[in-house]
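In case you want the letters, here they are:
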Amino acid sequence: MLRARAAPAMRKKPRPQAGGVPGREEVRFQGVRLYLVERKMGRSRRSFLTQLARSKGFMVEDVLSDAVTHVVSEDCQASSLWTWLRGRDVKNLPAMHVLGISWFTDSMKEGKPVAVETRHLIEVCVSDTSPALPDGTSSTPLLTVSQYACKRRTTTVNNNKILTDALEVLAESYEFKEIPGRCLAFRRASSVLKSLPWAVRCLRDTEGLPCLGEHSKAVMEEILQSGHSFEVEKTLSDEKYQTLKLFTSVFGVGPKTAEKWYRGGLRSFSDVLAAPGIHLNRMQQSGFLHYGDISRAVSKAEARALGNLIDEAVRAVTPDAVLALTGGFRRYRGKEFGHDVDFIVTTREPGKEEKLLTGIIERLKQQVSTLFGLLLYCEYNASTFDMVKLPSHQFEAMDHFAKCFLIVRLEGGRVEGGLHGAEGDGRGWRAVRVDLVSPPMDRYAFALLGWTGSRQFERDLRRFARAERRMLLDNHTLYDKTKKEFLAATTEKDIFAHLGLEYIEPWQRNA
Ligand code: CTP
Ligand code: MN
Ligand code: MN
């Protein structure tokens, strides 16, 4: 769909000298007809670029007609460009590639039309000012949206937050009810809406979009028309939903435990803490103890301070280590907050990665900040990774690498600009959840890709691999079922390439 319609180069006669008479050059790429938009580009630059392209064997049309296959524009204001394009009398617009100048310069450099990638496309804009086409279909998005989150670019800019918040309430409620199919359907619908560069204003805007089931559409329609959804409001005010949401917000309490407590008649934290028959494990005890701190968002500055803290510990253990930020903080850009901070750590010397992690933990335990230990909680899971047991045909929630789940005491003095939203109590420190994972170096790219998330992005990477490529992907490996072999990768780009996917930057994986 996104490939350039490039015909093989045809060379019948010797190439004319560059800069020959415009329009007389040999046409090398029959299937490609360019049109350069003069707006913003200006007349003289347009004529220069036209000559340049023709000298390289490209066909360049002077007027925008239905014969054009590639529209190139320097106008980065997508909305005004689309308004202008829709105002032209061309029926074939939906089939044309509408491209930024980067596609043109890449093609000139290569001397041939390069494949069209999503990064070249000028986003389709459904603007308020766009005039309706004669058939009244102006606001139908022309952009092809994939059913796979790993083929969409989703930044943290969400143009449809009202809708996605509502759909996620329903997803969560079906997760609590343990109906995974419905939960996933709402998650997928929400994820598609998050990827749109425009706001949905009526249901017709969603025509042609994948993953929007009848139930999701009904909820969306209600919200678009009346501002709220009866079903979502009912869920939000439902006692069971509220209680399960509260209980699962505690570190160490999953849906199963929350359900058990609810069925035992417990409705609040004080109910749980006062109930005689309830045994809290160590993780849950810490969860309650530090509830206020760890349920408060972690700022970028706090994440950076923790990075420095972990880095100090890593350097003290071995100078040979590799430490990288992963999880949400690797995906966010700008002023964003996370619920914890995730790091991946390994060593270039094979087999030493597990010792590295235990060394870091020891070091953090020894480190004392103003009389208190740095580690408020530590659960260490030793590695159960064994290449012989792979590939695993069933995806497991946890990977097999050595890892630890921590609660770290972070002093305000270490944080640039101070702690986030903790001025009130004057303690001068806060507790933060930190996760560390430590794969062997040759598994690094897979672990980094798996831990960068988002969960929906990961889910669809695996689904895409299985359904479209007959491959098995997890945090450890990529296995080709047709060739019956493991595919090696040292970077995330290698993995995308094996899968035949365009590379998606971490900040575009917020699906
Ligand atoms: N992950 C994983 N295996 C685990 C835990 C997490 O593969 N045992 C991956 C998940 O795919 C997730 C990422 O690691 O996307 C980070 O997990 P988490 O910290 O729970 O979520 P974030 O995406 O970092 O979001 P947040 O900012 O809320 O922490
Ligand atoms: Mn995280
Ligand atoms: Mn985490």
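It should be emphasised that the depicted structure is a prediction, and the values quoted were computed from it without experimental measurement.

Things to note about the UniProt feature "binding site: Mg(2+)" (unreviewed entry) in the protein
Here the UniProt-annotated "binding site: Mg(2+)" (unreviewed entry) positions come out as Asp 340, Asp 342 and Asp 435. A maximum C-alpha distance of 7.5 Å is found for the annotated residues, which run over 96 residues; spatially they form one tight group. Mapping Asp 342 onto the fold places it in strand S6 (residues 341-347). Not counting residues within four places of it along the chain, the set of residues in contact with Asp 435 comprises Asp 340, Val 341, Asp 342, Phe 343, Cys 404, Phe 405, Leu 406 and Trp 451.

So, the coordination of the manganese ion (ligand 3)
In ideal tetrahedral geometry, four donors around a metal make angles of 109.5 degrees, whereas ideal octahedral geometry with six donors gives angles of 90 or 180 degrees. Bound to the manganese ion (ligand 3) are the protein donor atoms Asp 340 (OD), Asp 342 (OD) and Asp 435 (OD), situated 2.0 to 2.2 Å from the metal. Between the manganese ion (ligand 3) and the manganese ion (ligand 2), a spacing of 3.5 Å is present, and a bridge between the two is formed by Asp 340. Classification of Asp 342 by relative accessible area gives buried; the value is 8%.

Some remarks on the nonpolar core
Ranked by size, the top nonpolar core spans 37 residues in total, and within it Leu 167, Leu 193, Leu 196, Phe 247, Trp 261, Val 272 and Phe 288 carry the most contacts. Secondary structure elements with two or more residues in this core: helix H4 (161-176), helix H5 (180-195), helix H6 (214-226), helix H8 (239-248), helix H9 (255-263) and helix H10 (269-274). Among the elements that take part in this core, H4 stands out by supplying eight residues, more than any other. Leave out the neighbours within four places in its chain, and Phe 288 touches Val 250, Trp 261, Phe 269, Val 272, Leu 273 and Leu 280. Counting 33 residues, the second-largest nonpolar core is a separate cluster that includes Leu 306, Leu 357, Leu 374 and Leu 406.

Some remarks on the packing of aromatic side chains
This structure, assessed with the given rule, holds 13 aromatic pairs. Ring centres of Phe 29 and Phe 58 lie 4.8 Å apart, and the angle between their planes is 50°; this geometry places the pair in the tilted category. Residue Phe 29 is located in the segment before strand S1 (33-36), and its partner Phe 58 is located in the loop between helix H1 (43-55) and strand S2 (59-61); the two are separated by 29 residues in the primary sequence. By relative accessible area, which is 2% here, Phe 29 ends up buried. The exposure class assigned to Phe 58 is buried, which follows from its relative accessible area of 3%. Through a chain of ring-to-ring contacts, three or more aromatic side chains come together here, namely Phe 247, Trp 261, Phe 269, Phe 288 and Tyr 291.

Some words on the sheet that holds strand S3 (residues 70-73)
As summarised here, the arrangement of the four strands in space is S2-S1-S3-S4, forming an open sheet in which the pairing is parallel. In this open sheet, the two edge strands, each paired with only one partner strand, are S2 and strand S4 (97-100). The mean angle between the axes of side-by-side strands here comes to 30°, regardless of whether they run parallel or antiparallel. In the sheet, S1 pairs with S3 via three bridges, with the strands oriented parallel. Bridge pairing links Tyr 35 to Val 71 in S3. Packed onto the sheet, helix H2 (residues 78-87) meets S1, S3 and S4 and runs at close to 145° relative to S4. Where helix H3 (residues 101-110) meets the sheet, its contacts fall on S1, S3 and S4, and the angle it forms with S4 comes to roughly 85°.

Details of the site of ligand 1
Around ligand 1, the structure places 17 residues, and the nearest of them are Gly 328, Tyr 332, His 339, Asp 340 and Arg 455. For ligand 1, an oxygen atom lies 2.7 Å from a polar atom in the backbone of Gly 328. Here an oxygen atom of ligand 1 and a backbone polar atom of Gly 450 are 3.3 Å apart. When the free accessible area of ligand 1 is taken as 580 Å², the share hidden by the protein chains comes to 83%. At the level of secondary structure, the elements contributing two or more residues to the shell around ligand 1 comprise helix H14 (328-331), helix H16 (444-452) and helix H17 (455-469). Residue composition of the shell around ligand 1, grouped by class: four nonpolar, eight polar and five charged. Looking at which domains feed residues into the shell around ligand 1, each of domain 4 (298-441) and domain 5 (452-508) gives three or more.

Topic: the sheet that holds strand S9 (residues 375-381)
Spatially, five strands are ordered S5-S6-S11-S10-S9 in an open sheet, and the strand pairing comes out mixed. Two strands lie at the open edges of the sheet, namely strand S5 (321-326) and S9, each paired on one side alone. Taking the axes of each pair of neighbouring strands and ignoring which way they run, one obtains an average angle of 25° across the sheet. Sheet strands in contact with helix H11 (residues 282-289) are S9 and strand S10 (402-411), and its direction is about 150° off that of S9. The strands that H16 touches are S5, S6, S10 and strand S11 (429-438); relative to S5, the one it contacts most, it runs at about 25°.

Criteria and cut-off values
- Residues numbered from 1 in each chain as written.
- Chains lettered and ligands numbered in written order.
- Predicted model: local features only at pLDDT ≥ 70, side-chain atom pairs only at ≥ 80, totals over all residues.
- Heavy atoms only, no water.
- UniProt positions renumbered as here; feature names shortened; annotations may be inferred.
- Helix = DSSP H or I, 4+ residues; strand = E, 2+ residues; numbered from the N terminus.
- Contact = heavy atoms within 4.5 Å.
- Donors = N, O, S within 2.8 Å, 3.2 Å for Na, K, Ca; no water.
- Buried < 20%, exposed > 50% of the residue type's maximum accessible area, 1.4 Å probe, protein only.
- Core = buried A, V, L, I, M, F, W, Y, C linked by side-chain atoms within 4.5 Å.
- Phe/Tyr/Trp six-rings, centres within 6.5 Å; stacked < 30°, edge-to-face > 60°.
- Pairing = 2+ DSSP bridges.
- Axes fitted to C-alpha atoms, helices over the stretch in contact; angles between N-to-C directions.
- Near = heavy atom within 4 Å.
- Polar contact = N/O pair within 3.5 Å; in protein donor to acceptor, adjacent residues only side chain to side chain.
- Areas by Shrake-Rupley, 256 points an atom, 1.4 Å probe, with all protein chains shown as cover.
- Nonpolar A, V, L, I, M, F, W, Y, C, P; charged D, E, K, R; others polar.
- Domains from an automatic or database assignment.

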